[in-house]
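Structural overview for review
Given next are the chains, with one letter for each unit.
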Amino acid sequence: MRTSKDPWKPPKKRGPQDTCFEGGVFPALLSFPSDYPLSPPKMRFTCDMFHPNIYPDGRVCISILHAPGDDPMGYESSAERWSPVQSVEKILLSVVSMLAEPNDESGANVDASKMWREDRDQFYKLAQKIVRRSLSL
C-alpha cells in the first residue's frame, strides 16, 4: 500500500474538451493515507493552477476527497463525501468535472472564485495562459 511518502501519480490527462482548460496537461499527485480506503487520498496539482476549487498551493478541494460522514458545516451531504467504495477513476472524473464546472460557492481560492463570478472573460484568458504554460508554449 502506498503512503503519503509514496504518492501515486495519475496519468497525465488533457484538460476537459469545450472548457477553458481544454488541451492543457496538468500533473498532479494523489497521496494515500495509511488507513486507505477508510480515509480519502489527498490530491494536489504540481503545476500552476488558478481555479475556484484548487487552493493556491495546488490542493484540490472537492467533496469526494472530504472525510466520510456528515459535513460539520452542513454544506455537503454524506453521500457526496468520501466512501471506501470510491475509485481512483471516480476521483479523476470528479476532478475533470470540477475543472469544467467550478463550484464558486465553496471556493478554495477566493480570487479565482471572485473572478469566475464577476469577470468570466478574464478567468478564461488566465486559464488559457495556464494551458499554454502546461504545454510549454
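From a predicted model like this one, the values you see are computed outputs, not experimental measurements.

The end-to-end C-alpha distance of helix α1 (residues 88-100), which contains 13 residues, comes to 19 Å, matching closely the 18 Å that a straight helix rising 1.5 Å per residue would cover. Buried residues of α1: I91, L92, V95, M98 and L99, and no others. Here the buried residues of α1 occupy an arc of 120 degrees about the axis, which is enough to place them on one side. Residues of α1 that are exposed and point more than 90 degrees away from the buried face comprise E89 and L93. Close packing links the buried residues of α1 with β1 (28-31) and β2 (42-45).

Attention shifts here to the packing of helix α2 (residues 110-118) against helix α3 (residues 120-134). Across the interface, α2 lies against α3 with an axial gap of 6 Å and an inter-helix angle of 125 degrees. Between α2 and α3, the angle falls in the class oblique. From α2, A112, M115, W116 and E118 reach across to α3, where they touch R120, Q122, F123, Y124 and L126. Taken together, the residues of the contact of α2 with α3 break down into six nonpolar, one polar and two charged.

What follows covers unusual backbone geometry. Y36 connects to P37 through a cis peptide bond whose omega is 15 degrees. Checked against the element boundaries, P37 lands in the loop between β1 and β2.

The tendency in soluble globular proteins is for nonpolar side chains to be buried side by side. In terms of nonpolar packing, the biggest core is built from 27 residues, with F21, M43, F45, M49, V60, I91 and V95 touching the most fellow members. When contributions to this core are tallied by element, the ones reaching two or more residues are β1, β2, α1, α2 and α3. Per-element tally for this core: the top contributor is α1, with five residues. In this view, M43 contacts A28, L29, L30, G58, R59, V60, L65, I91, L92 and V95; residues no more than four positions away in its chain are not counted.

Analysis parameters
- Residues numbered from 1 in each chain as written.
- Predicted model: local features only at pLDDT ≥ 70, side-chain atom pairs only at ≥ 80, totals over all residues.
- Heavy atoms only, no water.
- Helix = DSSP H or I, 4+ residues; strand = E, 2+ residues; numbered from the N terminus.
- Expected span 1.5 Å × (residues − 1).
- Buried < 20%, exposed > 50% of the residue type's maximum accessible area, 1.4 Å probe, protein only.
- Arc of directions from axis to C-beta.
- Contact = heavy atoms within 4.5 Å.
- Axes fitted to C-alpha atoms, helices over the stretch in contact; angles between N-to-C directions.
- Parallel < 35°, antiparallel > 145°, perpendicular 65-115°, else oblique.
- Nonpolar A, V, L, I, M, F, W, Y, C, P; charged D, E, K, R; others polar.
- Core = buried A, V, L, I, M, F, W, Y, C linked by side-chain atoms within 4.5 Å.

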